[in-house]
Amino acid sequence: MKLGFLASGRGSNLEALVRACHDGRIQAEPGLLIVDHPEAGALGVAERLGLPYRVLPSRDYPDRAAHERAIAAEVQRHGLDLLLLAGYRRLLSPFLVGLMFDARLGQSRILNIHPADTRAYQGLHGYRWALESGLSQTAVTVHYVDEGMDTGAIVAQAVVPLEPDDDLERLQRRGLAVEHALYPRAVQQVIEEMQSLCAAF
Ligand code: GRF
């Protein structure tokens, strides 16, 4: 089982996932990181951890379809079985979602981590939303990716409590630590499900 990663930013979830592959919590090989712009911090993580990467800046392509065809070519060239979005700030089109669709799983082989309960909040700013909404706790979610924005079936969730003196930075730091524990567990769970479905057919 070979994993592909798509990232746009810092790359802390990427690091958590690759480390989990290295220490056996995820039983899969980290295959390739694809980033959509050259300044992504995730590139530094890949270099440090010896993960091959490709920079495919979206601005180099005339439209989303052409950009995704370039991503799909890398997915096929590297034989990636499962794509993990780790702070990837683009919506995937039906083309890429369809390419990764696994009929036995009934889902696309693409997962994402979202900084909120996807049923309550969709978008990029889950921690800010939780803070501004005055919640006493929020959640982080690993979900399958479909064509919608954070609308795919939920794989796993974990609670992040808010504290009275939280600001965005504190909450985000605490939330990311929860993400880093949840995402590897959820990925391993999906891998086991994929393997048991393969064995059953
Ligand atoms: C995380 O909060 C994740 O939930 C969201 O984007 C952020 C990415 O952070 N999808 P990092 O790049 O993994 O540090």
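Definitions and limits used
Residues numbered from 1 in each chain as written. Predicted model: local features only at pLDDT ≥ 70, side-chain atom pairs only at ≥ 80, totals over all residues. Heavy atoms only, no water. Salt bridge = Lys/Arg side-chain N within 4 Å of Asp/Glu carboxyl O. Buried < 20%, exposed > 50% of the residue type's maximum accessible area, 1.4 Å probe, protein only. Helix = DSSP H or I, 4+ residues; strand = E, 2+ residues; numbered from the N terminus. Pairing = 2+ DSSP bridges. Axes fitted to C-alpha atoms, helices over the stretch in contact; angles between N-to-C directions. Contact = heavy atoms within 4.5 Å.

What is the right way to look at the pattern of salt bridges in this model?
When their charged atoms lie close together, side chains carrying opposite charge are able to pair. Scanning the entire structure with this criterion turns up 14 salt bridges. With a closest N to O distance of 3.1 Å, arginine 25 and aspartate 23 form a salt bridge. You can call arginine 25 partly exposed: its relative accessible area is 45%. Relative accessible area serves as the criterion here: at 48%, aspartate 23 is assigned to the partly exposed category. For glutamate 74, the salt bridge is made with arginine 77, and the minimal N-O distance between the two is 2.7 Å. Residue glutamate 74 and its partner arginine 77 are both found in helix H3 (residues 64–77); the two are separated by three residues, about one turn of the helix. Judged by relative accessible area, arginine 77 falls into the exposed class, the value being 58%. Here the salt bridges share partners, and the residues they tie into one network are Glu163, Asp165, Asp166, Arg170 and Arg174.

Looking at this model, I keep getting lost on the sheet that holds strand S3 (residues 53–55). Mind explaining?
Where strands meet in a sheet, backbone hydrogen bonds hold them as pairs that are either parallel or antiparallel. Across the sheet, seven strands lie side by side as S3-S2-S1-S4-S7-S8-S9; this open sheet has mixed pairing. Because the sheet does not close on itself, it has two edges, and the strands there are S3 and strand S9 (154–161). Between one strand axis and the next, the sheet turns by 20° as a mean value, whatever way the strands run. Bridge count between strand S1 (residues 2–7) and strand S4 (residues 82–85): four bridges; the pairing is parallel. Its bridge partner lying in S4, glycine 4 is registered against leucine 83. Seen against the sheet, helix H6 (residues 168–200) touches S1, S4, strand S7 (110–114), strand S8 (137–144) and S9 and runs at an angle of roughly 160° to S9.

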